[in-house]
Amino acid sequence: MRLTYAPVIRQMKDYPLIKRLYFSAFPAAERAPLRSLLRAAQRPGKEFFAYYHDHQFVGFSYLVTSGDLAYLMFLAVDDKLRGKGYGSQILEAVAAGRPTARLLLNTEVLDADAPNALTRQRRREFYENNGFVSSGWQVTEFGVDYELMCRPGRVSPDEYRDLTKKYAGWKYFLFHQQFARLGK
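Calculation notes
- Residues numbered from 1 in each chain as written.
- Predicted model: local features only at pLDDT ≥ 70, side-chain atom pairs only at ≥ 80, totals over all residues.
- Heavy atoms only, no water.
- Helix = DSSP H or I, 4+ residues; strand = E, 2+ residues; numbered from the N terminus.
- Polar contact = N/O pair within 3.5 Å; in protein donor to acceptor, adjacent residues only side chain to side chain.
- Contact = heavy atoms within 4.5 Å.
- Salt bridge = Lys/Arg side-chain N within 4 Å of Asp/Glu carboxyl O.
- Buried < 20%, exposed > 50% of the residue type's maximum accessible area, 1.4 Å probe, protein only.
- Core = buried A, V, L, I, M, F, W, Y, C linked by side-chain atoms within 4.5 Å.

The protein chain is annotated in an unreviewed UniProt entry as GNAT family N-acetyltransferase of Lacticaseibacillus yichunensis.

So, in structure tokens, the structure goes:
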């Protein structure tokens with residue numbers, strides 16, 4: 001089963017599905033305004049793609065690139081289609097498009113007391129099963145604690161900060177990024 005993909009634009013027939021998935025898959029504290037993502041994706045270094053299997057929408061990715069870094073800002077698979085390998089296929093499609101890049105992503109820090117502790121654990125396992133490793137760093141953005149993960153190799157807080165500054169531009173001050181070693 002091979003996925004196809006297309007750039008996300010507001011005028012596409014599946015835009016309502018993409019919008020619904022975006023708002024259901026990510027809590028408000030983790031979302032950027034959708035109109036901002038659409039606008040930014042029109043510029044170099046940002047990609048917003050919808051993925052399809054046999055013309056059926058299965059999910060989307062949003063990627064920010066700079067040099068050899070590619071930050072997977074958002075990845076979501078339709079909740080009715082999860083567990084069928086689509087997420088892994090999307091990751092492979094992203095990686096295939098930039099074979100020399102280090103892929104980065106953030107996932108919520110594991111916390112046994114969090115209301116979504118099991119979901120956090122499953123997400124982390126999914127990323128590990130797809131070749132991502134912990135950078136050893138926790139980054140706090142907009143009050144949410146994330147674990148910074150990478151594939152292949154490692155990423156430093158300075159590299160991630162520089163990528164974020166490039167993406168956010170003058171809005172970077174809103175991120176209030178803080179880094180800490182995991183487990184400390």
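Moving on from the model shown.
Undergrad: Sorry if this is basic, but what is going on with unusual backbone geometry here?
TA: Among all residues except glycine, the phi angle is most often negative; among peptide bonds, the trans geometry is most common. A cis amide bond, omega -20 degrees, links R151 with the succeeding residue P152. Along the chain, the position of P152 falls in the loop between β7 (144-151) and α5 (157-168). Phi is positive for D54, which is not a glycine, with a value near 50 degrees. The residue D54 is located in the loop between β2 (46-53) and β3 (56-66) in this model. A positive phi is found at F142, a non-glycine position, where the angle reads about 50 degrees. For F142, the position within the fold is in the loop between β6 (133-141) and β7.

Undergrad: So what exactly am I meant to see when it comes to the side chain of S134 here?
TA: Looking at the secondary structure, you find S134 in strand β6. Engagement of the side chain of S134 in a polar contact is seen with the side chain of E147, the distance being 2.6 Å. Residues within four places of S134 in sequence aside, it is in contact with R124, E147, L148, M149, R154 and L182.

Undergrad: Would you explain the pattern of salt bridges in this entry?
TA: If charged atoms from side chains of opposite charge come close, those side chains can pair. Inspection of the entire model under this criterion finds 12 salt bridges. Residue D68 is joined to R102 by a salt bridge in which the shortest nitrogen-to-oxygen separation is 3.0 Å. A residue pair is termed long-range when its members are at least 10 positions apart, and D68 in the loop between β3 and β4 (69-77) and R102 in strand β5 (residues 102-108) qualify at 34 residues. A relative accessible area of 14% places R102 in the buried class. Across the pair R124 and E128 runs a salt bridge, and its minimum N-O distance is 2.1 Å.

Undergrad: How do you make sense of the nonpolar core when you look at a structure like this?
TA: In a soluble, globular protein the nonpolar side chains are often hidden away together inside. Counting 38 residues, the largest nonpolar core has L37, F48, F60 and Y62 as its most contacted members. Those elements that provide at least two residues to this core are α1 (15-25), α2 (34-40), β2, β3, β4, β7 and α5. Ignoring anything within four residues of it in the chain, the contact list for Y62 reads L37, A40, A41, K46, E47, F48, Y71, L72, M73, F74 and Y167.

Undergrad: What is the right way to read the environment of Y71 from this model?
TA: Structurally, the position occupied by Y71 is in strand β4. Spatially, the C-alpha atoms of Y71 and E30 are 15 Å apart, while their sequence positions differ by 41 residues. If we ignore the near neighbours within four places in the chain, the residues touching Y71 are Y62, L63, V64, L104, L105, N106, Y160 and L163. Within the local environment of Y71, its side chain forms a polar contact with the side chain of N106, the two groups lying 3.1 Å apart.

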